[in-house]
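Coordinate inspection notes
One-letter residues, chain by chain:
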Amino acid sequence: MPRPIAFARRYVAHLPVAARRFLAAVSVLALAAVAYGVYVPVDHWLNKPCMRKGATSVTHHGSGGECVGVTDGAYLFHPSLKPAEDAIRAENEQVRKAYPADYVSVVLLLPISADKGSILSMPNALEQLQGAYAAQHYANRNSVQGNAPHIQLLIGSDGYQANGWQPAVAEIERDRGRHIAAVTGFGLSLAGTESAIRDLTAHNIASFGATLTSDSYSNIKGFVRVSPSNVDNMAAALSYVQKDFTRAVLVEDGNADDSYDVTLVSGFKKFSAIKGHQIVGVEPYDTSERDRDGQSAQERRRHQTEVATRISQMTTNICAEQPAVVLFAGRGQDLGVLVHAFSDACLDKQIRIVSGDDTTNLPDSPQLRKDLASGHVTVDYAGVAHPGEWAATAGHDPGHGPEQQDGAQGYARFQRTFQQLFPKGYLGDGNAMMAYDATLTATTAIRLTHQAQPLPDAVVNELGALQGEYAVLGASGPIQFTANYLTSRTGSNPVGKPIPIIRLTAQGNPRVLTVKWPDHAPPVG
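In this text the structure is predicted, and so the values were computed from the model without any measurement.

Focus: the state of the cysteines
Considering all chains together, one arrives at two disulfides under this definition. Covalently, Cys50 is tied to Cys67 through a disulfide, its sulfur atoms 2.0 Å apart. With the S-S dihedral at roughly -90°, the linkage between Cys50 and Cys67 falls on the left-handed side. Of this pair, Cys50 sits in strand 1 (residues 49-53) while Cys67 sits in strand 3 (residues 66-71), and the two are 17 residues apart along the sequence. The disulfide partner of Cys319 is Cys346, and the S-S distance across this bridge is 2.0 Å. Disulfide Cys319-Cys346: the torsion about the S-S bond is -55°, which places it as left-handed.

Here's the deal with the pattern of salt bridges
Tallied over the full model, the rule gives 23 salt bridges. Asp258 is paired through a salt bridge with Arg331; the nearest N and O atoms lie 2.8 Å apart. Linking Asp258 in the loop between strand 9 (247-253) and helix 8 (259-268) with Arg331 in the loop between strand 11 (325-329) and helix 11 (332-341), this pair joins segments that are 73 residues apart in sequence. You can call Asp258 buried: its relative accessible area is 0%. Taking relative accessible area as the criterion, Arg331 reaches 2% and is therefore assigned buried.

Considering the confidence of the model for the protein
Confidence in the prediction of the protein, expressed as mean pLDDT, is 90, and 89% of residues score 70 or more. Across residues 28-46 the pLDDT falls below 50, and counting only partners more than four positions away or on other chains, this stretch makes five contacts in the model.

Details of the layout of surface pockets
Looking at the largest pocket, its volume works out to about 1,000 Å³. In terms of lining residues, the largest pocket is bounded by 44 residues, among which Ser121, Gln333, Asn361, Leu362 and Pro363 are the most central. Of all the secondary-structure elements, those providing two or more residues to the lining of the largest pocket are helix 4 (122-139), helix 9 (297-312), helix 11 and helix 12 (366-373). It is helix 4 that contributes the most residues to the lining of the largest pocket, six residues altogether. Broken down by class, the residue content of the lining of the largest pocket amounts to 16 nonpolar, 19 polar and nine charged. Put simply, the second largest pocket is a space of about 420 Å³. Along its surface, the second largest pocket is lined by 24 residues, and Gly468, Ala471, Val472, Leu473 and Pro478 are the ones closest to its centre. For the lining of the second largest pocket, the secondary structure elements donating two or more residues are helix 13 (401-421), helix 14 (431-447) and strand 14 (472-474).

Each value, and the rule that gives it
- Residues numbered from 1 in each chain as written.
- Predicted model: local features only at pLDDT ≥ 70, side-chain atom pairs only at ≥ 80, totals over all residues.
- Heavy atoms only, no water.
- Disulfide = S-S within 2.5 Å.
- Helix = DSSP H or I, 4+ residues; strand = E, 2+ residues; numbered from the N terminus.
- Salt bridge = Lys/Arg side-chain N within 4 Å of Asp/Glu carboxyl O.
- Buried < 20%, exposed > 50% of the residue type's maximum accessible area, 1.4 Å probe, protein only.
- pLDDT = per-residue confidence, 0-100.
- Contact = heavy atoms within 4.5 Å.
- 1 Å grid on protein atoms, 1.4 Å probe; cavity = no way out; pocket = protein on both sides within 12 Å on 5 of 7 lines; lining within 4 Å.
- Points joined across faces, edges and corners; volume = space filled by probe spheres on them.
- Nonpolar A, V, L, I, M, F, W, Y, C, P; charged D, E, K, R; others polar.

This is the structure:
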């Protein structure tokens, strides 16, 4: 019996030319129909909205189906965020009901992700939601350069490592009647974050960074940040540590897409420019593959294991170079790996590690506390904010009495509001303080427009006004800008922002060692 395929071929070969052409066309159409039948449900699943309702528009992104977009609190990005999101949603509903023609929206955009590889920890995300809500709550009941317009706080997420920035930003730029006047937060100095900011500002949407410190953000027109840059942070850190060490080992992440790490490396390399000081060793590692978009959870775990293995190997060479301070130019989650690796390495030596503000994303775990308890390893970092920086014993650089008073006043105002709303909320890592400051700064610029519902470009026009009498009394210190993007390379940076030098403790309550002011950090190159 002939095989079906061979029989079909012989049958078709004997048909007239016109019939064969007709049969070929029908076959193509049939295959297309089958393909479409498969594509449509798959495409529908990949792009199916997580929620579209009122001010909320959140959709799936990537192969993992992570949800990105914007919500007024109706959509829950993670169960741990529920109390904060519920509070924000209730405040938003009250604002829309009471002031329908006299409110604007500020979007708090963060890379919210439950993935264990996420650089922004979920506690960090929660603290930033709480801080931003504290600013919204305060501004809707008090004068912040006036009492109107009232503020609706929208929560935005661009997903794991900000890889979903395009759909999230597109949703903000569409607006859809939510009266979006500004975007704040942003979370991490990553390639996706910078792309998001440059896209938003290209559309004349005023943007306010909270905890971004990479030097890549120092001069983006339409953008300002309440955190000092890594240039200032590292100058402060080096001015603090140079009296104790003349030798250093530099640990550097080679991930070119992580501008926080890249500019941290540049800042720390200036250690060798200090007279009588030198970097005596370099220990590289690379998180590029771990943070790459579009990979499975299994692949990501494999790459994380590879990173951890490489970091754990560094202790041998670091121990051999002692005494030398360890300058860690990497993310907090990777710093934890190095700290733990020293739990059974060169126990007869004292290891001092100095890093940047992402140390706050190092989870406060029982393992970390145990690793720090012996005193064998000490971790200090140049932070962006800490409640202890306004204590009488904080040890500020001299000559800043009036600024210290303004800082203490701004912090006291924040603390009263925050404790009222979140009596058990955590302030020790400064994340809530910075989100509060960025949102309060955005509100100040919005109200300086003297418009009921200003468009974003009107808010951009007020960035240069945020100085002198219009400086913002933030929780992390007085905040002001020149916003002179054409005549400066640092138009986005705060002017004269204090920088606390902070030490991790085995008790889980970081403490301030001293507070440096940028003009007191000596030039290092």
